[in-house]
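Geometric and topological summary
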Amino acid sequence: MGALGSNVDGGGLAEFTLGDASKLHVLPDGVDLRMGALVEPMAVGRHAVSRSGVQAGGSALVAGAGPVGIGTWFALKARGVEKVLVPEPSAHRRAVMDALGARTVDPVNEDLAAAVAALTGGDGVDAAGAGPAITSALAGLVPGGRPVVVALHEHPIDFQPTQLMMGETEIVGAVGYRPEEFDAVIAAMADGVYDTTGWVQKLPWDGFTDALHSLRAGVGGKVLLKVG
């Protein structure tokens, strides 16, 4: 696995870069460059949904409303999964998701298990895009449900393995995306599936330090920096 400008030579912050034509994805009319800059994180979310195995009419929990969590929510909606709950401790990010039409819950000050039960009629969710809340996501799954670990974790976690045995639960990881998922996200953008209202901010290049501090504090969603 390689990423241009990260662990593959190419210069992520270079003025120019060189890539194979076979690696390029064309943006159709109606998908502007701001939306095009979001294809990569949205493809991460789409790949996570694919790994979950959840189908139209199913239910899901997306633990966290950062950019990848938002992308996962959009991908679930595009797949026809209407029962989606988004636990998010940040009031700002909950407000953003609420405005987009998501169902949110504060996992710190509210009863997450009760919210899952209310969403699913007491059955539990079929899949969980589990970021930092893996243990709480496990508790809310139906038997045979599948949590998908999408986020990078700085620290190990403790959980009770008996939860896996009793529910015949299979935990899977999702990293990156496949080329066809890039194309699928671009097609969905052309169809108007993605809405950037409230969570995409465009700043001049010299605003990147403040943007990093805000994101670290759980405020904001995706920041696009204008170069030049």
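Analysis parameters
Residues numbered from 1 in each chain as written. Predicted model: local features only at pLDDT ≥ 70, side-chain atom pairs only at ≥ 80, totals over all residues. Heavy atoms only, no water. Pairing = 2+ DSSP bridges. Helix = DSSP H or I, 4+ residues; strand = E, 2+ residues; numbered from the N terminus. Right-handed = clockwise from strand over helix to strand, strands pointing away. Core = buried A, V, L, I, M, F, W, Y, C linked by side-chain atoms within 4.5 Å. Buried < 20%, exposed > 50% of the residue type's maximum accessible area, 1.4 Å probe, protein only. Contact = heavy atoms within 4.5 Å. Salt bridge = Lys/Arg side-chain N within 4 Å of Asp/Glu carboxyl O. Lys, Arg positive; Asp, Glu negative; His and termini not counted. Phe/Tyr/Trp six-rings, centres within 6.5 Å; stacked < 30°, edge-to-face > 60°.

**Observations regarding the pairing of strand β8 (residues 222–226)**
When strand β7 (residues 200–204) meets β8, the two strands line up parallel, connected through five bridges. By the bridge assignment, L203 is partnered in β8 with L225. A crossover connection joins β7 to the parallel β8 through helix α9 (residues 208–216); in handedness this β-α-β unit is right-handed.

**Looking at the nonpolar core**
Counting residues in hydrophobic clusters, the biggest one holds 33 residues, and the most contacted among them are M189 and W199. Of all the secondary-structure elements, those providing two or more residues to this core are α2 (39–52), β1 (59–63), α3 (67–79), β2 (83–87), α4 (91–100) and α8 (179–190). Setting aside residues no more than four positions away along its own chain, W199 makes contact with L38, M42, I70, F74, V96, L100, G221 and K222.

**Some remarks on the pairing of strand β4 (residues 125–130)**
Burial runs high along β4: five of the six residues are buried. Alignment of β1 against β4, held across four bridges, turns out to be parallel. Of the residues in β4, the one forming a bridge with L61 is A128. Relative to strand β5 (residues 141–149), β4 is paired through five bridges, and the arrangement is parallel. Looking across to β5, one finds that V125 is bridged to L141.

**A word on the pattern of salt bridges**
Two side chains with opposite charge may pair up if their charged atoms get near one another. A complete count under the given rule lists four salt bridges for this structure. For K77, the salt bridge goes to E82, with nearest N and O atoms at 3.0 Å. Overall, the relative accessible area of 29% leaves K77 in the partly exposed class.

**Quick look at the side chain of E88**
Considering the arrangement of structural elements, one finds E88 in the loop between β2 and α4. Within the buried set, E88 has no salt-bridge partner at all; the shortest N-O distance to an opposite charge, 4.6 Å, is to R93.

**Describing the environment of P28**
If you trace the backbone, P28 turns up in the segment before α1 (33–36). Along the primary structure P28 and A187 are separated by 159 residues, whereas in three dimensions their C-alpha atoms are 8.3 Å apart. Aside from chain neighbours lying at most four places away, what touches P28 is I186 and A190.

**Some words on the packing of aromatic side chains**
Summed over all chains, the structure comprises five aromatic pairs. Plain terms: the ring middles of F74 and W199 are 6.4 Å apart, the flat faces sit at 40° to each other, and that makes the pair tilted. Placement of the pair is F74 in helix α3 and W199 in the loop between α8 and β7, with a sequence separation of 125 residues. W199 matches F74 in its accessibility class, with the two residues each being buried. Aromatic pair Y177 and F182: ring centres 5.1 Å apart, planes at 50°, arrangement tilted. For Y177, a relative accessible area of 31% translates into the label partly exposed. In this structure F182 comes out as buried when scored by relative accessible area, which is 17%. Taken together, the aromatic side chains of W73, F74, Y194 and W199 make up a single cluster linked through ring pairs.

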